[in-house]
Amino acid sequence: MKKFASALICSALIASGGICAQESAGGANASNNAFGEMSEDKIIAGTMIAGILVGVASNAGGAKTFKPIFIPNPPVDPVPTCMGDDELVDGICIGTTTTVTVTTSGTLTTTIEVPVSYTYLPTLQ
């Protein structure tokens, strides 16, 4: 297509060179040419050149731009994690600790171990 457009431009330039190179003798027609009155030949040549320029512009604008296709990554569900060895039960972390209570009464010392459990929400990673 570009070769065709180039050949068309060359032929139009050759044809317009012959039209523009016409000389006219002085006299009554000399003032018409000096003031730029349009004749049929000039209108045809101008129309041809305008058509060629429109064709060149449309061919030159044919470059395609690269548009990448955006494919999102599949969503990754966050993994709930608990601290240490705590268990994850139904989305809630359950921890257990032992509280030691020592009471002294005279010579008698009593140690009581009380298991205490607690819950908290896991962190999402």
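Right above here is the structure, for reference.
Residues numbered from 1 in each chain as written. Predicted model: local features only at pLDDT ≥ 70, side-chain atom pairs only at ≥ 80, totals over all residues. Heavy atoms only, no water.

Here valine 89 is to be found in strand β2 (residues 87-89). Classification of valine 89 as partly exposed rests on a relative accessible area of 34%. Residues valine 89 and threonine 119 lie 30 residues apart in sequence; the distance between their C-alpha atoms is 9.9 Å. (Helix = DSSP H or I, 4+ residues; strand = E, 2+ residues; numbered from the N terminus. Buried < 20%, exposed > 50% of the residue type's maximum accessible area, 1.4 Å probe, protein only.)

Moving on: the pairing of strand β3 (residues 92-105). Looking along a regular strand, one sees the side chains alternate between the two faces of the sheet. Judged from the three bridges that link them, β2 and β3 form a sheet pairing that is antiparallel. Directly across from leucine 88, in β3, lies its bridge partner cysteine 93. The turn joining β2 and β3, which pair antiparallel and follow one another in sequence, is formed by two residues; a positive phi near 55 degrees is taken by aspartate 90. Bridging between β3 and strand β4 (residues 108-120) involves 13 bridges; their strand directions are antiparallel. Each residue of the ladder has a partner; that of isoleucine 94, found in β4, is threonine 119. Following β3, the chain reverses through two residues before pairing antiparallel with β4; glycine 106 in that reversal takes a positive phi of roughly 70 degrees. (Pairing = 2+ DSSP bridges.)

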